[in-house]
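Per-entry structural report
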Amino acid sequence: MANHAAHADDHAHDDHDHKPEGFLDRWLFTTNHKDIGTLYLVFAFTMAIIGAGMSVVIRTELAAPGLQHVQPYFFNQMTTLHALVMIFGAIMPAFVGLANWMIPLQIGAPDMALPRMNNWSFWIMPFAFLMLLGTLFMPGGGPAGGWTMYPPLALQGGASVAFMVFAIHMMGISSIMGAINIIATILNLRAPGVDLLKMPLFTWSWLITAFLLIAVMPVLAGAVTMLLTDKFFGTSFFNAAGGGDPVMFQHIFWFFGHPEVYIMILPAFGIVSEIIPTFSRKPLFGYQAMVYAIASIAFLSFIVWAHHMFTVGMPLGGELFFMYSTMLIAIPTGVKVFNWVSTMWKGSLTFETPMLWAIGFVVLFTIGGFSGLMLAIVPADFQYHDTYFVVAHFHYVLVTGALFSIIAAIYYWWPKWTGRMVNETWGKVHFWWTIVFVNLTFFPQHFLGLAGMPRRIPDYNVAFADWNLVSSIGAFGMFVTPWMMIAIFAMSKKKGAVASQRPWEGAHGLEWEVPSPAPHHTFTTPPVIKPGMLAHGDVSH
Amino acid sequence: MSADEQKKNWRVVKIALIVCVASFLFGFRVMPPIYRIACEHIFGIKYENKVADGAKVAAFKEDDARLVEVQFIGTVNSALKWTFAPEVFSIKVHPGVLTEAWFDASNLAPDAIVGNAVPSIAPNRASLYFNKTECFCFTEQTLKAGESRRMPVRFVVDPKLPTDIKQLTLSYTFYNNEIATKRLAAQGAESKPSS
């Protein structure tokens, strides 16, 4: 900052940004969508490293059978907090950060519709996680009943239950405000000529995700509030002794939880649908089909929740309904995968780093999708339920799915954010390193799960030792990647090649019509849309 | 931002907030009753634990041709220092016949404890056809320190029980009714000094 002020005169000619001066004014009181996007991304990255540290604790303990490094109760705190931190602290804020940065740029808006609320929705997050992670340092430790918080187990924790519930309330409020902001921005602030069915797919995927968020985050708030009153105010919503039903919690939780998993993957679909056409130098195949596929996945996500709880003793009719409705999701998802492949078909492909991550996403996310289909089969699920097969499945969709797409997006839009290119060689090293170690980590977990190793345990039968060691080696290799990423992007920021306004040859869309780096204020007057400016401007299929 | 744009934004915010409040109330106030309705009317699982309608039970005709095995299980929640078990583990009954089964409970703790038994029937679609005319699970059970008690359950299996169900299991879990136990302890403490 000081440096910036000292050279203010030099910048006066080329920089009409009017960025606020001091550090607090710039970041704490900011209402600028780009700054808030950056804050979200930095926060998500920090949380991802904390969550990854927890997974290293987990994998260190699991590297060999027997208890060697941590006690079971602490191990359970690690699995619980790893999930909560990664879901609510890393993946979701990273997508919100990307939305903040890119949606106004993609639709030609000067900023988000409600900038002050935007500031508030970010600044709640650090406090929510301070509360959640603070429980680790309190007597009794952090929550240890699993991130799904099933009663009665979750209620057996001490004060951490209350802290977890209030942290989730705050994250929920933050997500809801973020979602409302995104909906208002997309519906009201599109530049003339950016019709709904001409919007980029990232914006489309976020519009639908935002509706999912406002529909289900309050349901989670309701569920955890009932947990709170059961624990501290003597109600019996989920207490069998008082006439309640613990299974009802699972229904309410997964009514939130299943749409939640699509909240974490629909923006990923949007990102990949931006990157693949760019590096294939072809318009996206089946643009409208892609939009409708996202919408139908979002709709189906509301009627499949009980497939997470096939083993609770549901009536046969219920099991059949949830099995078939779950399998139905494979159809719109298949449409998307085939459309990405068709976009690449006969394209002039080049394999810059963002494209590698996007292709990695398509291949590995599809593996995660297929293991999801296996889990959807009721009789098979009775065998797979709560085993490492489930762990392998959701890490394929969340790490090689959601996280890969976030990394792809950072590589893709980084030149626009900073005006600097990323070193391609190091980007490729990062990608191939990750591909090797992510598969080493999670692929053996399929075998462990099929062989019957349960999840959420610190010790296991010696029969599982070999694949667990392989998985742990993979996890240690993965833990190198965040530091590698910091080095790569710090190097680019310092001395990367200067990026042009359109650093990727095949890139279309309004974000490439502003200079790189994007000035502090863009589209203060709505852009005039010329033919060919929008990626999907003349698409009628 | 123009006043017109602000008006448009606030309209979206208002609608979105209404959606949020509605979905909170949906999760908090509507899902529990829906769950109950779905259990009882779609999946045929009896949710209420109460005395069967006498007129309905009286109208049952005994089905001599059919025998259904009823198994009993008694479990005690870990927070309750009692023993609790059925006297017989299984009996064969004709649907439509009033039958009696006995359970034994003993309090191993040094204090009086109030317990509540929560019943469950498997397979759960049989629960609509299982009628209890009397059960220790309808009321709180108070056992003094060291006290034991024989407790009856009287039931009739509805002759309309689907024919493929040949065996059903009635299981009870006894829980410590902590609120009632505390109340009891407080009464005891009050009455002691006066006596």
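Residues numbered from 1 in each chain as written. Chains lettered and ligands numbered in written order. Predicted model: local features only at pLDDT ≥ 70, side-chain atom pairs only at ≥ 80, totals over all residues.

Turning next to the overall build of chain B. Check the secondary structure of chain B and you find 3 helices and 9 strands. For 195 residues, the compact-globule formula gives about 16 Å, and the C-alpha radius of gyration of chain B, at 24 Å, lies well above that figure. Taken along its principal axes, the extent of the C-alpha atoms in chain B is 80 × 60 × 30 Å. Counting over 195 residues, chain B shows a buried share of 22%. Looking at chain B alone, contacts between residues at least 24 apart form 75% of all its contacts between residues at least 6 apart. (Helix = DSSP H or I, 4+ residues; strand = E, 2+ residues; numbered from the N terminus. Rg over C-alpha atoms; globule rule 2.2 N^0.38 Å. Buried ≥ 20, exposed ≤ 12 C-beta atoms within 10 Å, placed from the backbone. Contact = placed C-beta atoms within 7 Å.)

Now for the overall build of chain A. Across its full length, chain A carries 19 helices and 0 strands. In terms of overall size, chain A behaves like a compact globule, its C-alpha atoms giving a radius of gyration of 23 Å where 541 residues would be expected to give roughly 24 Å. Dimensions of chain A along its principal axes, counting C-alpha atoms only, are 70 × 50 × 40 Å. Within chain A, the proportion of its 541 residues that are buried is 53%.

Next up on the list: helix H16 (residues 388-418) of chain A. For H16 of chain A, the principal kink sits at tyrosine 412 of chain A and spans about 40 degrees; a proline, proline 415 of chain A, occurs within the next four residues. For H16 of chain A, the tally of buried residues reaches 28 of 31 residues, placing the bulk of the element in the interior. (Bend = angle between axes of the 7 residues up to and from the residue.)

The next thing to look at is the nonpolar core. One finds Ile91, Ala167, Ile214, Ala223, Val272, Ile294 and Ala408 of chain A to be the most contacted residues of the largest nonpolar core, which totals 174 residues. Judged by nonpolar contacts, the second largest core, of 28 residues, contains Ala105, Cys135, Phe155 and Leu168 of chain B. (Core = buried A, V, L, I, M, F, W, Y, C linked by C-beta atoms within 7 Å.)

Residues and elements named next belong to chain A. Where helix H6 (residues 115-134) meets helix H7 (residues 160-188), the axes come as close as 8 Å, and the angle between the chain directions of the two elements is 160 degrees. The orientation of H6 with respect to H7, classified from their angle, is roughly antiparallel. Relative to H7, the crossing made by H6 is left-handed. Taken together, the residues of H7 that come into contact with H6 (itself represented by Met117, Asn118, Trp120, Ser121, Ile124, Met125, Phe127, Ala128, Phe129, Met131, Leu132 and Gly134) are Phe163, Met164, Phe166, Ala167, Met170, Met171, Ile173, Ser174, Met177, Gly178 and Asn181. (Axes fitted to C-alpha atoms, helices over the stretch in contact; angles between N-to-C directions. Parallel < 35°, antiparallel > 145°, perpendicular 65-115°, else oblique. Left-handed = near helix turned anticlockwise from the far one by under 90°.)

On to the interface of chain A and chain B. With 29 residues of chain A in contact, the opposing surface of chain B contributes 25 residues. Counting only elements with at least two residues in the side of chain A that touches chain B, the list comes to H7, helix H8 (201-232), helix H9 (246-263) and helix H12 (316-328) of chain A. Ranked by residues supplied to the side of chain A that touches chain B, first place goes to H8 of chain A with 10 residues. Across the side of chain A that touches chain B, the residue classes tally to 21 nonpolar, 8 polar and no charged. (Nonpolar A, V, L, I, M, F, W, Y, C, P; charged D, E, K, R; others polar.)

All names here are of chain A. Within the secondary structure, valine 498 sits in the segment after helix H19 (481-495). Judged by local crowding, valine 498 falls into the exposed class, with 11 C-beta atoms found within 10 Å. Each C-alpha atom of the pair valine 498 and phenylalanine 122 lies 30 Å from the other, and the pair is 376 residues apart in sequence. Other than its neighbours up to four places away in sequence, valine 498 contacts Gly419 and Arg420.

Turning our attention to the sheet that holds strand S5 (residues 113-122) of chain B. Residues and elements named next belong to chain B. The sheet built from 5 strands is open, its strands ordered S3-S1-S9-S5-S7 with mixed pairing. The two strands at the open ends of the sheet, each matched to only one other strand, are strand S3 (90-93) and strand S7 (141-143). Taken over all neighbouring pairs, the strand axes of this sheet differ in orientation by 30 degrees on average, direction set aside. In the sheet, strand S1 (residues 68-76) pairs with strand S9 (residues 167-176) via 8 bridges, with the strands oriented parallel. Bridging from a neighbouring strand, valine 76 pairs with phenylalanine 174 of S9. (Pairing = 2+ DSSP bridges.)

What follows is about the packing of helix H5 (residues 72-107) of chain A against H8 of chain A. Residues and elements named next belong to chain A. Between H5 and H8, the shortest axis-to-axis distance is 9 Å and the interhelical angle comes to 120 degrees. Comparing their axes, H8 and H5 come out oblique. The handedness of the crossing between H5 and H8 comes out as left-handed. The segment H5 lies against H8, with Ala99, Met102, Ile103, Gln106 and Ile107 engaging Phe202, Thr203 and Trp206.

The next thing to look at is the sheet that holds strand S8 (residues 148-157) of chain B. All names here are of chain B. The strand order S2-S4-S8-S6 describes an open sheet built from 4 strands, whose pairing is antiparallel. At either margin of the open sheet sits one strand with a lone partner, and together these are strand S2 (82-86) and strand S6 (130-135). Going across the sheet, the axis of each strand differs from the next one's by a mean of 25 degrees, ignoring polarity.

The next thing to look at is the confidence of the model for chain B. For chain B, per-residue confidence averages 86 on the pLDDT scale, and residues scoring 70 or more make up 97% of the total. The ipTM value of the predicted complex is 0.78, and its pTM value is 0.89. (pLDDT = per-residue confidence, 0-100.)

Here we come to the environment of isoleucine 331 of chain A. Turning to its location among the elements, isoleucine 331 of chain A is positioned in helix H13 (residues 330-344). Each C-alpha atom, one on isoleucine 331 of chain A and one on alanine 293 of chain A, is 8.5 Å from the other, the two residues being 38 residues apart in sequence.

Moving on: the confidence of the model for chain A. Should pLDDT be low for a region, the predicted coordinates there are not to be read in detail. Looking at chain A as a whole, the pLDDT averages 92, with 96% of positions reaching at least 70. For the stretch residues 1-15 of chain A, pLDDT sits under 50, and the model shows 2 contacts to residues farther than four places along the chain or on other chains.

This part covers the pairing of S1 of chain B. In this structure, S1 of chain B lies alongside S3 of chain B, joined through 4 bridges in antiparallel fashion. The partner of valine 68 of chain B across the bridge, within S3 of chain B, is valine 93 of chain B.

With that settled, consider unusual backbone geometry. Residue and element names in this part refer to chain A. That bond from proline 151 to proline 152 is cis: its omega, 5 degrees, falls within 30 degrees of zero. Here proline 152 lies in the loop between H6 and H7. That bond from serine 516 to proline 517 is cis: its omega, -5 degrees, falls within 30 degrees of zero. Looking at the element boundaries, proline 517 is found in the segment after H19. Positive phi outside glycine occurs at methionine 149, with the angle close to 55 degrees. Within the secondary structure, methionine 149 is located in the loop between H6 and H7. Methionine 149 sits in the buried class, given 23 other C-beta atoms within 10 Å.

Moving on, we get to helix H1 (residues 3-42) of chain B. Taking the largest bend as the criterion, H1 of chain B deviates by roughly 50 degrees, centred on valine 30 of chain B, and proline proline 32 of chain B comes between one and four positions later. Residues of H1 of chain B that are buried make contact with H7, H8 and H9 of chain A. Two residues or fewer after H1 of chain B comes glycine 44 of chain B, characterised by a positive phi angle close to 65 degrees.

Attention now goes to the environment of valine 462 of chain A. All names here are of chain A. Within the secondary structure, valine 462 sits in the loop between helix H17 (424-450) and helix H18 (465-478). We classify valine 462 as exposed; it has 10 C-beta atoms within 10 Å. Taking the C-alpha atoms as reference points, valine 462 and alanine 64, separated by 398 residues in sequence, lie 8.2 Å from one another.

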